[in-house]
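The lines below spell out each chain.
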Amino acid sequence: MRNFYDFTKIEKKWQKYWEEKELFKTRKKNEKENYYVLEMFPYPSGKLHMGHVRVYSIGDVIARFKRMKGFNVLHPMGWDAFGLPAENAAIKHGNIHPREWTWENIKSMKEQMKALGLSYDWKKEVATADPDYYRWTQWFFIQMYRNNLAYKKEQAVNWCPSCETVLANEQVINNRCERCDSIVEQKELEQWFLKITDYAEELLEGHAELDWPQRVKTMQKNWIGKSEGLSIRFPIGEIEEELEVFTTRPDTIYGATYMVLAPEHPYVDQLISGQPNEDEIRNFIKKVKSQAEMERTSPQSSKDGIFTGSFAINPMTQQEIPIYIANYVLMGYGTGAIMAVPAHDQRDFDFAKKYDLPIKAVIQPHDLEEKLNGATMKKARSDDGYLINSQRFNGLTVQKAFETIADYMEKENIGERKINYRLRDWLISRQRYWGAPIPMIHCEKCGTVPVPEKDLPVLLPDDVKLSTTGVSTLAESKEFVNTTCPKCGGPARREIDTMDTFVDSSWYFLRYIDPNNQKLPVSYQKAKEWFPVNQYIGGIEHAILHLLYARFFTKVIRDLGLIEANEPFSKWLAQGMVLKDGDKMSKSKGNVVDPGKILKEYGADTARLFILFASPPEKDLEWSDAGVEGASRFLNRVWRYIVNNLDEINKIDVSQVDIKQDDLNDAEKELHRKLHETIEKVTEDVEERLNFNTAISAIMELVNEIYHYLKNNSDNINKELLAFVTEKLLLLLAPFAPHISEELWHKLGHDESVHRVKWPQFNKEAAKKDEITVVIQINGKVRDKINVSADITEEKLKEKVFIQKKVKKYIEGKEIIKTIVIPKKLVNIVVK
RNA sequence: GCCGAAGUGGCGGAAUUGGCAGACGCGCCGGAUUCAAAAUCCGGUGGGGUUAGACUCGUAUGGGUUCGAGUCCCAUCUUCGGCACCA
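Definitions and cut-offs
Residues numbered from 1 in each chain as written. Chains lettered and ligands numbered in written order. Predicted model: local features only at pLDDT ≥ 70, side-chain atom pairs only at ≥ 80, totals over all residues. Heavy atoms only, no water. Helix = DSSP H or I, 4+ residues; strand = E, 2+ residues; numbered from the N terminus. Expected span 1.5 Å × (residues − 1). Buried < 20%, exposed > 50% of the residue type's maximum accessible area, 1.4 Å probe, protein only. Arc of directions from axis to C-beta. Contact = heavy atoms within 4.5 Å. Phe/Tyr/Trp six-rings, centres within 6.5 Å; stacked < 30°, edge-to-face > 60°. Lys NZ or Arg CZ within 6 Å of the ring centre and 35° of its normal. 1 Å grid on protein atoms, 1.4 Å probe; cavity = no way out; pocket = protein on both sides within 12 Å on 5 of 7 lines; lining within 4 Å. Points joined across faces, edges and corners; volume = space filled by probe spheres on them. Nonpolar A, V, L, I, M, F, W, Y, C, P; charged D, E, K, R; others polar. Pairing = 2+ DSSP bridges. Axes fitted to C-alpha atoms, helices over the stretch in contact; angles between N-to-C directions.

Novice: Explain helix α4 (residues 98-115) to me, and be specific about the residues and the numbers.
Specialist: Taking 1.5 Å of rise per residue, 18 residues should cover 26 Å, and α4 covers 26 Å from first to last C-alpha, within 8% of that figure. Regarding α4, the residues found buried are Pro98, Trp101, Thr102, Asn105, Ile106, Met109 and Met113. Down the axis of α4, the smallest arc covering the buried residues is 130°, so these residues share one side. Facing away from the buried surface of α4 by more than 90 degrees, the exposed residues are Glu104, Lys107 and Glu111. Against the buried residues of α4 lie α2 (50-68), β3 (78-79), α3 (84-93) and β4 (126-127). Gly117 sits one or two positions beyond α4 and adopts a positive phi of about 75°.

Put into structure tokens, the structure is as follows:
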């Protein structure tokens, strides 16, 4: 299509102007309210994709809108700059350092962002790979270490053979690496962990104060996985120990007919030593341990086990029950041991059937007539009911029995109430180079010692050869590894692992507030002024990972006394993906649309407008070339209208225009009314609903209305009104299509930027309709419509309705049962 | 298996608190303009029915509540997402 305006020239011109005038610099004026809007920062891959265009366009509309609304706006951008791709690129190309690669990419992505006309305050820019930044990442690690929130532990960890590093639980999806999709292996390694479990409860409770999508809170809630139950001790005669189990169903304890240990359970060795079939048992354990996690933890896979030869005593019945080892019990949850109640748990039931263990029914379902019999059951029953075969507790409902038995056990010292979480501590060690070094030193004499704060940052060394050997690259640098112990001054070795990049991104939103602070990560006072983030925007894929870690860090930083806020992001908009042909855009599918190409062919304003108009922000968006044409057509339509009528309207000083409703004729009133209706709609859609698609459609309606007015009143144009409406139109359009709005604004004779002008005020009186259409229904079906004065009384309205010809036709000879009047909307007559 | 979200014209989507279903855009059809086309401007556009109207059906399916349901309730189907031996 032909363009009527030269977007390339215009967009460049205003981008330059905005930069020179520092239009988007964060200003702190005390009489104005602060507003912090933030989009998730990108990994600097070098090229923006459509998903980026979408999230940054959304954030930019909000930032520009809030500025016009009179807020001091903080709208920063930065780079999640550590990570594997840089390292892999370096290995692949041989001679380029990850640092160079990363900074090159940052440069080109920044250019693309500027070409999109995004209104960032670039003075606040941060990059996590900048020593000035990771110095504080390391500082936080040390603070956590000092507060017992960081610890080193050897345990089986998730190992990605392709990325050659360990992964956090959150980074394992369906037993595959979330980055590269390789099957994750288990490895016994000594690694650093952050104690996120200390905050499990607060992370759950904190949801109450967050304006986040419910489904995201639910995802986090499931991930944290709180369950309330009892910790119960079962004596074991043979080894004079007690076996502790966790259960959420203490009410079923009389149905516990056997125990199961995870193969890794610490008692296993003691229990099986000297058993006649010890070798057989050891072989079984070996086999289970070698089973892939996936195979072992899938509910479909078979439940295999073996008898240990030992018995435990059910503390309620005093009966001996056998102890088994089985693959379906995991060391990682609870105590790694369970009491098995086959009658009421399907897993235990399957196992009992397989190994011919007794099944004892202890909960009688409410809706079952015959008595439940363990011997004849076909599957476990976990429905609600009352207790049977449970001695003195018989007849109690499940809920009542839980409390009664828990009280009893606590009194008798058999067990106590306990809360268990599914959430694990966060494993942050990575055996890779391009990350923040863990600032710890190992000394033979003094043990593990943190690097003194004055020595931070621990810089990444340059004298290494990057490779994928599975051994931390940093080990290669003698200069790096060999150091002296800060405590005793003796020879010592540095930690050679780097931190998970999710650590870097768990606090970046604080550094934007105070990026040049050399004394602290962020000043208390500035954090108080700007934090928490008012509006955060990003992809739903971070619902658990980044958003949970960031919340955890915020709470830790608060407890360190650095900030006051409990939560980092008051409000979060989870934006949907950009699809093409119903699929996520990806190189392998060959359905990628390059933003660069769209920018070149249509310009930034069109790209932004299309992507905001095509779908509400939280939903997935189907890319459409025809839709882009439509957006471009609309902007040209605005341009054409204003340029063609410039002579009429640019001589008018709108600030001196006072539109008086009473002086307008009907057509003018209608146009003026439409303007105010549009202001109201756009304001509400942007401010509260974040529905930019409907805001844009409202602006389109206003433009249609202007064309309509011009056509029907060509001989009698009210220039003052037209100029007034046109200026407001440009203000409404400015956050969405900032360049064309700026150009046209200046064409109208203004010297100041359109983005500095106050957002238009909506006038309720002007938006009011004199005449309204009321729908007439007979028995709920629309039969007629009438136009009446807007302030008509209910009585008068009814009167008018009943004399309508159509109404008469429908009610003739019928009995009127009632008449429902909804003021200003409809009248429904019910007849029989 | 469990939990959650969604399902509306040919397409993207709108309907915000239970009150005119389909705003706005795309596509398509017709008209104006043009030597012609593109672009632009104007009009039409859920299905059936009809010269036209009247009328009628219609928001995944089946039921329900209500004067009135895309919206609330119950059941079912489909799609997507999360969790998945969590004791």
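Novice: I'd love a proper account of the packing of aromatic side chains, names of residues and values included.
Specialist: Counted according to the given criterion, the structure contains 45 aromatic pairs. For the pair Phe552 and Phe553, a centre-to-centre distance of 6.0 Å together with 90° between the ring planes defines the contact as edge-to-face. The class of Phe552 is buried, set by a relative accessible area of 0%. Through a chain of ring-to-ring contacts, three or more aromatic side chains come together here, namely Tyr133, Trp136, Trp139, Phe140, Tyr199, Trp426, Phe502, Trp507, Tyr549, Phe552 and Phe553. The lysine or arginine in question, Arg64, covers the ring of Trp18, its NZ or CZ lying 4.6 Å from the ring centre. The ring of Phe4 has Arg640 sitting right over it, with the charged end atom 4.7 Å from the ring centre.

Novice: Tell me about empty space enclosed by the protein, and please be specific about residues and values.
Specialist: Inspection of the entire model under this criterion finds 1 cavity of 30 Å³ or more. Breaking the lining of the largest cavity down by element, the ones donating at least two residues are α2 and α19 (604-613). Residues belonging to the lining of the largest cavity are distributed by class as follows: 5 nonpolar, 1 polar and 1 charged.

Novice: Which residues make up the sheet that holds strand β6 (residues 165-167), and what values do they have?
Specialist: Read from one edge of the open sheet, 4 strands run β6-β5-β9-β19, paired in antiparallel fashion. For this open sheet the edge positions go to β6 and β19 (426-427), each flanked by a neighbour on one side alone. As paired strands, strand β5 (residues 150-160) and strand β9 (residues 185-194) are joined by 10 bridges and run antiparallel to one another. Bridge assignment links Glu154 to a residue of β9, and that residue is Glu190. On the sheet, helix α5 (residues 131-146) packs against β5 and β9 and is oriented at approximately 90° with respect to β9.

Novice: Help me get a handle on the sheet that holds strand β28 (residues 578-580), residues and values and all.
Specialist: The 3 strands are arranged β29-β28-β30 in an open sheet whose pairing can be described as mixed. The open sheet has two free edges, formed respectively by β29 (583-584) and β30 (621-622), since each of these has just one partner strand. In this structure, β28 lies alongside β30, joined through 2 bridges in parallel fashion. Bridging across to β30, Val578 finds its partner in Leu621.

Coordinates in, geometry out; function isn't part of it.
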